[in-house]
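# Structure assessment
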2 protein chains.
Amino acid sequence: MTMNIHPIFIAGSWRQDTSSKETFQAHNPKTGELLPDLFPVSEQCTLDEALLAGKMAAHELQSVSNESIAQFLEEYALEIEKRSEQLAEVATLETGLPMHPRLLDIEIPRTTTQLRQAAAGARDGSWQRATIDSASNIRSRLEAMGGPVVVFGPNNFPYAFNAISGGDFAAAIAAGNPVIAKAHPAHPNTSRLLAEAAHNAINKVGLPAATVQMLYHFSNEAGMKLVAAPETAAVAFTGSRKGGMALKAAADAAGTPIYLEMSSLNPVFVLPGAIRERGESIAAELVGSCNLGGGQFCTKPGLTLVVEAPETDAFIGKMTSLFAATPAPTLLTASSAAQIESALNTLTGSGAEILAGGNPDPEGSGFQFLPTLIKVDGGQFLKNAETLQTEAFGPVGMVVVIKDESQLIEVVEQLEGNLTGTLYTDTGGSDDTLYQKVEPLLRIKVGRILNDKAPTGVAVVASMNHGGPFPATGHPGFTAVGLPASICRFAALRCYDAVRANRLPQALADGNPTGSMWRMIDGKMTQGDVPSAV
Amino acid sequence: MTMNIHPIFIAGSWRQDTSSKETFQAHNPKTGELLPDLFPVSEQCTLDEALLAGKMAAHELQSVSNESIAQFLEEYALEIEKRSEQLAEVATLETGLPMHPRLLDIEIPRTTTQLRQAAAGARDGSWQRATIDSASNIRSRLEAMGGPVVVFGPNNFPYAFNAISGGDFAAAIAAGNPVIAKAHPAHPNTSRLLAEAAHNAINKVGLPAATVQMLYHFSNEAGMKLVAAPETAAVAFTGSRKGGMALKAAADAAGTPIYLEMSSLNPVFVLPGAIRERGESIAAELVGSCNLGGGQFCTKPGLTLVVEAPETDAFIGKMTSLFAATPAPTLLTASSAAQIESALNTLTGSGAEILAGGNPDPEGSGFQFLPTLIKVDGGQFLKNAETLQTEAFGPVGMVVVIKDESQLIEVVEQLEGNLTGTLYTDTGGSDDTLYQKVEPLLRIKVGRILNDKAPTGVAVVASMNHGGPFPATGHPGFTAVGLPASICRFAALRCYDAVRANRLPQALADGNPTGSMWRMIDGKMTQGDVPSAV
């Protein structure tokens, strides 16, 4: 019987999850049918075993070089590239996302780029912020935490945010930690292939066997115990606000750092001059951005805010016709449509009016939903500011029509924390005064502020911030994308005070360990050595 | 009636707290008598007013230059120096700490040094970690959070950790945030003088009036509402584990970053070779460190771990006689003795034996407590590892006598998170093998590891880490001492994506704003400008 159930990747090897009492299958979102492969739902005892193995791996990793960790990340990127066709075939079946361009041309390259950037960060070592005061012989740096990092992956990026290959994974490994990956149950076979690729890379480089472990699924209750376990050093989660908040409560109570990316409406302000100048093209840009990936991007512009003016109706009319003309996308999971409908009920129940779409595609054969535009006025928004900021994770946008500039300020002040905030302004300068009023208020509500550009592109560059104030994330000081900054989340600051030279980590030795690592020595940033005592 | 009650410093001015329903007085710990000055206990409505003023100040501070903030911190240091005699007279009365050397020669200079280092950090701006990718025109930096930072100060350092002048204050201000300071009710008059000094400095530089506010006291319930208020951007707390955990729960539920420094036993391992080589001098060093400041330092070595050996008895005998010979210090507050006795009851109830002291000084006229040494064996420690790690905040040390090296490893693994961990080893190398076994396990339990040096000196240098894993603090990645690193706690990461040049913060402009600020431009650390496009 268990012969047909896929094994789990735990403590360095693939084995049947003999204590599992339940299996699950993924769906083909295009057809709504169950896929044949059976995967185990793991029990608490299996999670405990993963924790123990992860804790031992963390201990072993203390004596593994940055170079080996970098090599693993690079080998893993190569293993992924070797399997890219197979990965795309499996992922397109499990997610409904197209092989071209999305999976093969965009997401796999993004994933391997992240792994290689993490490798470069690990090799360079500057992310450790090594700081040395030579007179007092006190030295400190960020370093691996001392236990496994538990990563929960979302449903919407089967590679680039997968718990076993995405940005959180790459950052946690680059910092020198082992990872216990909780793959998303919507794409288990994709995750299985990735884990095989990771396993090969571990063997090639010779990292501790339990540096990477993966479980397909477990109960919410088991998840809470996992994040609160004393072995768990830190947690990363990308997903729904409900799931994130539950894990956050468990981690907070245990004093375990948790990095969350939960939900975001990504408000877009189209200022009056911009609508006058180029309303049609902005409408097209926004509707395209809102429907990218079936509207299931973290940075989907879900909230468009405009000020009442003669041109506003035409702008909204354009958005409406474009939404109506957009083909119904395939959603990621069997529960996606119900979640969107529940959110739409909340939104319409709070005064929003449906302009386009509003329900699953009646002609769809699987998990298809009609692109949906809703509208509410500013007064109504202010009355129900909390419920009208309910996220509908899918091809849904809301326009807020605001009476005047003073109501606009009130609306900005009612916004929750978001990943992004966008301001479209005219090129002639007529929006500048309003921009200067709105931007300082919007800035403190978001992690990334954009001008005249839709927010769905999250460039994999060092300066990217994929973060923001609560409840978009759990802490406004960190980013989940953008290396090497994202590595620092999974590190502890440790100081070596009067520690003998032969006992210091290489990064804190007098001699620069790489010849190029940036360190702060006696108050000065330098790539050099500690100056010799006179 | 209210004429005799000291005013509060709120929304830019000193005024009577007319809604206060209660007053309190500080004690003179030397005599146990109440001091005459009356201070108000503030009600929720006053805290709400402070939050509103703080929020407005945060908005105004967005357009204040780093240079002005630096000037304020420097002016404030000068104002403190001008008042140092008066500050010392008042603080010695409220804390029982000696004017010389502690208050005037050590703590005031430490405090002004911290303020000046924070000023240097603010002026330099490199703490913002400005990161620019010129090809994509994406730029990010750490910057002020957008609301007031609430700082709760402890009882044990009336200047250097005071909510209105200490390290948390300096760091929060340097990042560009306003501060709402909750002074410790054990030294209100000292805090009042400091607030006057801060007020003068604000006026001189012309910062927003509510950049600094101070309240003397409020209920625990009001404190929880304060940290959970939507206006509060972040919280810093130094104090007891009980108080810290209550505030942490409130802040966590609201999604507000909170930085805690709660409790720490600061375990010290004296390895066998070190005892053989220089047991007597190590005993003297440890007993001195344990009793510094009446044993009321965060980094007091409260736990000494030794392996049973022929020399161990003599080592413990030496510690015992030194504890017995140490004069009874004056504790900081009226409840200190009762808290120590309660902790001692827990410890002796879990098997610890009293070797010296154990009770308040019967000859003391105020809050004096006898220096107390207790002992437990390793087996007992492992049986009651949690209760035997109860902190006794005062002149109390515990020795754990461990059977052998394998039990030593078990004990290390049972240690909670601590600020520091110390290893004394011999100079000849006989302890090296054991060191290599213990250090990797100890390292992950502490924020600072020391060799052959007592942990109570917390040097104010960039490389210092005054932090550590939970429950010593709330997050292992941050330090409360050591500039500029401590500034980053009170900052949000913000990204400017395709933002027009004239709308960028100076720190992210093409030209280096100071000529010397470190930024990462196109992957390279540099003090230069963004290279001109070809």
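Refer to the structure above for everything that follows.
A brief report on the enclosed structure follows. (Residues numbered from 1 in each chain as written. Chains lettered and ligands numbered in written order. Predicted model: local features only at pLDDT ≥ 70, side-chain atom pairs only at ≥ 80, totals over all residues. Heavy atoms only, no water.)

## A word on the relation of the copies chain A and chain B
Under the convention used in this document: Least squares is the method used to superpose the copies, on C-alpha atoms of residues holding a pLDDT of at least 70 in both. Throughout, a residue-residue contact means that at least one pair of heavy atoms, one from each residue, lies within 4.5 Å.
Rotating chain A by 180° and translating it 0.0 Å along the rotation axis places it on chain B, where the RMSD comes to 0.0 Å. The operation mapping one copy onto its partner corresponds to a two-fold rotation axis. Of the C-alpha atoms belonging to chain A, the one lying closest to the rotation axis is found on Asp252 of chain A, 3.3 Å away. A share of 100% of interface residues in chain A that are also interface residues in chain B marks the association as one of identical surfaces.

## Quick look at the nonpolar core
Put simply, the rule is: Here the nonpolar core consists of buried residues drawn from Ala, Val, Leu, Ile, Met, Phe, Trp, Tyr and Cys, with membership extended through side-chain atoms lying within 4.5 Å. Exposed residues in this analysis have more than 50% of their type's maximum accessible area, buried residues have under 20%, and partly exposed residues fall in between, with area computed by a 1.4 Å probe over protein chains only.
By size, the foremost hydrophobic cluster in this structure holds 174 residues, and its most contacted members are Phe72 and Tyr76 of chain A together with Phe72 and Tyr76 of chain B. Setting aside its immediate chain neighbours within four residues, Tyr76 of chain B contacts Leu115, Ile164, Ser165, Phe169, Leu194, Ala197, Ala198 and Ala201 of chain B. Residues Tyr496 and Val499 of chain A together with Leu423 and Tyr435 of chain B belong to the second largest nonpolar core, which totals 47 residues.

## Regarding the packing of aromatic side chains
Residue and element names in this part refer to chain A. Rule in force here: Only Phe, Tyr and Trp rings take part, Trp by its six-membered ring, and two of them pair if their centres are within 6.5 Å. Stacked means planes under 30 degrees apart, edge-to-face means over 60, and tilted covers everything else. Helix numbering and strand numbering both begin at the N terminus, where a helix is a DSSP run of H or I of at least 4 residues and a strand a DSSP run of E of at least 2.
Taken as a whole and assessed by the stated rule, the structure comprises 24 aromatic pairs over all chains. Residues Tyr259 and Phe478 carry aromatic rings whose centres are separated by 5.0 Å and whose planes lie at 75° to one another, so their mutual orientation is edge-to-face. Taken together, the residues Tyr259 in strand β13 (residues 258–261) and Phe478 in the loop between β20 (446–451) and β21 (491–497) connect sequence positions 219 residues apart. One exposure class covers both Tyr259 and Phe478, and it is buried.

## Some words on the pattern of salt bridges
Residue and element names in this part refer to chain B. Selection rule: We define a salt bridge as a contact between a side-chain nitrogen of Lys or Arg and a carboxyl oxygen of Asp or Glu at a distance within 4 Å.
Following the criterion strictly, the structure yields 54 salt bridges over all chains and no others. Its salt-bridge partner being Glu107, residue Arg102 comes within 2.9 Å of it at the nearest N-O pair. For the residue pair Arg102 and Glu107, the accessibility class agrees, reading buried in each case. One salt bridge connects Arg278 with Glu277, and the closest N-O pair in it is separated by 2.8 Å. Judged by relative accessible area, Arg278 falls into the partly exposed class, the value being 22%.

## Let's talk about the pairing of strand β15 (residues 303–307) of chain B
Residues and elements named next belong to chain B. Test applied: Here the rule is simple: two strands pair whenever DSSP picks up at least two bridges between them. The handedness of a crossover follows from its direction of travel: if, with the strands pointing away from the viewer, the path from the first strand over the helix to the second runs clockwise, the crossover is right-handed.
Counting buried residues in β15 gives 5 out of 5 residues, a clear majority hidden from the surface. Of the two faces of β15, both are covered, the one formed by Leu303, Leu305 and Val307 as well as the one formed by Thr304 and Val306. Inspection of the sheet shows strand β14 (residues 267–270) paired to β15 by 4 bridges, in the parallel sense. In the sheet register, Phe269 faces β15, and the bridge partner there is Leu305. At this point the chain moves from β14, through helix α9 (residues 272–291), to the parallel β15, and the crossover so formed is right-handed.

## What about the interface of chain A and chain B?
This is how the line gets drawn: Buried area: the accessible surface (1.4 Å probe) lost by two parts on joining, summed over both.
Listed by partner, the interface residues are 69 residues for chain A and 69 residues for chain B. Contact between chain A and chain B buries roughly 5600 Å² in total, counting both sides, with carbon and sulfur atoms accounting for 53%. Looking only at chain A, the three residues that lose the most surface to chain B are Ser463, Leu493 and Arg503 of chain A, adding up to 12% of its buried area. Taken together, the links from chain A to chain B amount to 10 salt bridges. For Asp497 of chain B, the salt bridge is made with Arg448 of chain A, and the minimal N-O distance between the two is 2.5 Å. Where β21 of chain A lies against strand β20 (residues 446–451) of chain B, 3 bridges are found, and the strand directions are parallel. By the bridge assignment for β20 of chain B, Asp497 of chain A is matched with Leu450 of chain B.

## Quick word on a negative patch on the surface
All names here are of chain A. As a reminder, the rule being used: Patches were defined on residues exceeding 30% relative accessible area and lacking a salt bridge, with like-charge contacts within 9 Å and nonpolar side-chain contacts (Val, Leu, Ile, Met, Phe, Trp, Tyr) within 5 Å. Under the convention used here, a 1.4 Å probe and the Shrake-Rupley method define accessible areas, while residue burial counts only the protein chains that appear. For the charge count, each Lys or Arg is scored as positive and each Asp or Glu as negative, with His and the chain ends excluded. Every charge is mapped to an atom, namely NZ of Lys, CZ of Arg, CG of Asp or CD of Glu.
Taken together, the side chains of Glu308, Asp313, Asp377, Asp404, Glu410 and Glu413 present a region of like negative charge at the surface. With respect to the helices, strands and loops of the structure, Asp404 is situated in the loop between β18 (396–402) and α13 (405–414). Looking at Asp404, the relative accessible area reads 31%, which means it is partly exposed.

## A look at the sheet that holds strand β8 (residues 138–144) of chain A
Stated precisely, the cut-off is as follows: Structural elements are reduced to axes, namely lines fitted to C-alpha atoms, with helices fitted over the stretch in contact, and the angle between N-to-C directions of any two is expressed from 0 to 180 degrees.
Spatially, β23(A)-β22(A)-β7(A)-β8(A)-β21(A)-β20(B)-β19(B)-β14(B)-β15(B)-β18(B)-β17(B)-β16(B) is the arrangement adopted by the 12 strands of the open sheet, whose pairing is mixed. The sheet is open, and its two edges are formed by β23 (524–526) of chain A together with β16 (353–356) of chain B, each paired on a single side. Shown here is a sheet whose adjacent strand axes are inclined to one another by a mean of 25°, direction ignored. Helix-sheet contacts for helix α13 (residues 405–414) of chain B involve β14, β15 and β18 (396–402) of chain B, and the interaxial angle to β18 of chain B is about 140°.

## Side note on the packing of helix α3 (residues 84–95) of chain B against helix α4 (residues 99–124) of chain B
Relative orientation and spacing of two packed helices are given, respectively, by the angle between their axes and the distance between those axes. Residues and elements named next belong to chain B. Here is the rule: Each angle is binned into one of four classes, with values under 35 degrees roughly parallel, values over 145 roughly antiparallel, values of 65 to 115 roughly perpendicular, and all other values oblique. By convention the crossing between two helices is left-handed if the near helix lies anticlockwise of the far one by an angle smaller than a right angle, and right-handed if it lies clockwise.
Close contact between α3 and α4 brings their axes to 10 Å; oriented N to C, the two are set at 130°. Accordingly, the angle class assigned to the pair α3 and α4 is oblique. Considering only the axes of α3 and α4, their crossing is right-handed. Seen from α3, the contacting residues are Ser84, Glu85, Leu87, Ala88, Glu89, Ala91 and Thr92; seen from α4, they are Met99, Leu103, Leu104 and Ile108.

## Side note on the sheet that holds strand β19 (residues 418–424) of chain A
Strand order in this open sheet of 12 strands is β16(A)-β17(A)-β18(A)-β15(A)-β14(A)-β19(A)-β20(A)-β21(B)-β8(B)-β7(B)-β22(B)-β23(B), and the pairing throughout is mixed. The open sheet is flanked by β16 (353–356) of chain A together with β23 (524–526) of chain B, the only strands paired with a single partner. Each strand axis lies, on average, 25° off the axis of its neighbour in the sheet, ignoring direction. Judged from the 5 bridges that link them, strand β15 (residues 303–307) of chain A and β18 of chain A form a sheet pairing that is parallel. When the sheet's bridge partners are listed, Val307 of chain A is paired in β18 of chain A with Ile402 of chain A.

## Examining the pairing of strand β21 (residues 491–497) of chain B
All names here are of chain B. When you tally the buried positions in β21, you get 7 out of 7 residues, the bulk of the element. Taking every second residue as pointing to the same face, both faces of β21 are buried, with Ala491, Leu493, Cys495 and Asp497 on one and Ala492, Arg494 and Tyr496 on the other. Strand direction decides the pairing type here: strand β8 (residues 138–144) and β21, joined by 7 bridges, are antiparallel. Within β21, the residue paired with Glu143 across the bridge is Ala492.

## Structural notes on the side chain of Asn465 of chain A
For clarity, the cut-off: Any N or O atom pair separated by 3.5 Å or less is treated as a polar contact, with the protein-specific requirement of one donor-capable and one acceptor-capable atom, and with residues adjacent in sequence counted only for side-chain atom pairs.
Looking at where Asn465 of chain A falls in the secondary structure, it is placed in the loop between β20 and β21. Separated by 2.9 Å, the side chain of Asn465 of chain A and the backbone oxygen of Gly447 of chain A make a polar contact. Filtering out sequence-adjacent residues up to four positions away, Asn465 of chain A remains in contact with Gly447, Arg448, Phe478 and Thr479 of chain A together with Leu493, Arg494 and Cys495 of chain B.

## With respect to unusual backbone geometry
The step from His100 of chain B to Pro101 of chain B runs through a cis peptide bond, and the omega angle for that step is -5°. The phi angle at Asn137 of chain A is positive, at roughly 50°, despite the residue not being glycine. If you trace the backbone, Asn137 of chain A turns up in the loop between β7 (131–133) and β8. Residue classification places Asn137 of chain A among the partly exposed residues on the basis of a relative accessible area of 24%. Positive phi values are uncommon outside glycine, yet Asn266 of chain A reaches one of about 50°. Positionally, Asn266 of chain A belongs in the loop between β13 and β14 (267–270).

## Observations concerning the environment of Ser342 of chain B
As for its position among the elements, Ser342 of chain B is in helix α11 (residues 336–349). Owing to a relative accessible area of 42%, Ser342 of chain B belongs among the partly exposed residues under this scheme.

## Digging into the environment of Thr420 of chain A
All names here are of chain A. Among the structural elements, Thr420 can be located in strand β19. Among the residues examined, Thr420 registers a relative accessible area of 1% and is labelled buried. Apart from residues lying up to four places away in sequence, Thr420 is in contact with Ser264, Asn266, Pro267, Thr299, Val446, Arg448, Leu450 and Pro455. Side chain to side chain, Thr420 and Asn266 meet in a polar contact 2.8 Å long.

## Examining the environment of Ile173 of chain A
Residue and element names in this part refer to chain A. When you line up the elements, Ile173 lands in helix α5 (residues 167–174). In this structure Ile173 comes out as buried when scored by relative accessible area, which is 2%. Along the sequence, Ile173 and Ala118 sit 55 residues apart, while their C-alpha atoms lie 8.3 Å from each other. Not counting the four nearest positions on each side in its chain, Ile173 is found in contact with Ile69, Phe72, Leu73, Val179, Thr211 and Val212.

Remember that the coordinates give geometry; whether it matters functionally is a separate question.
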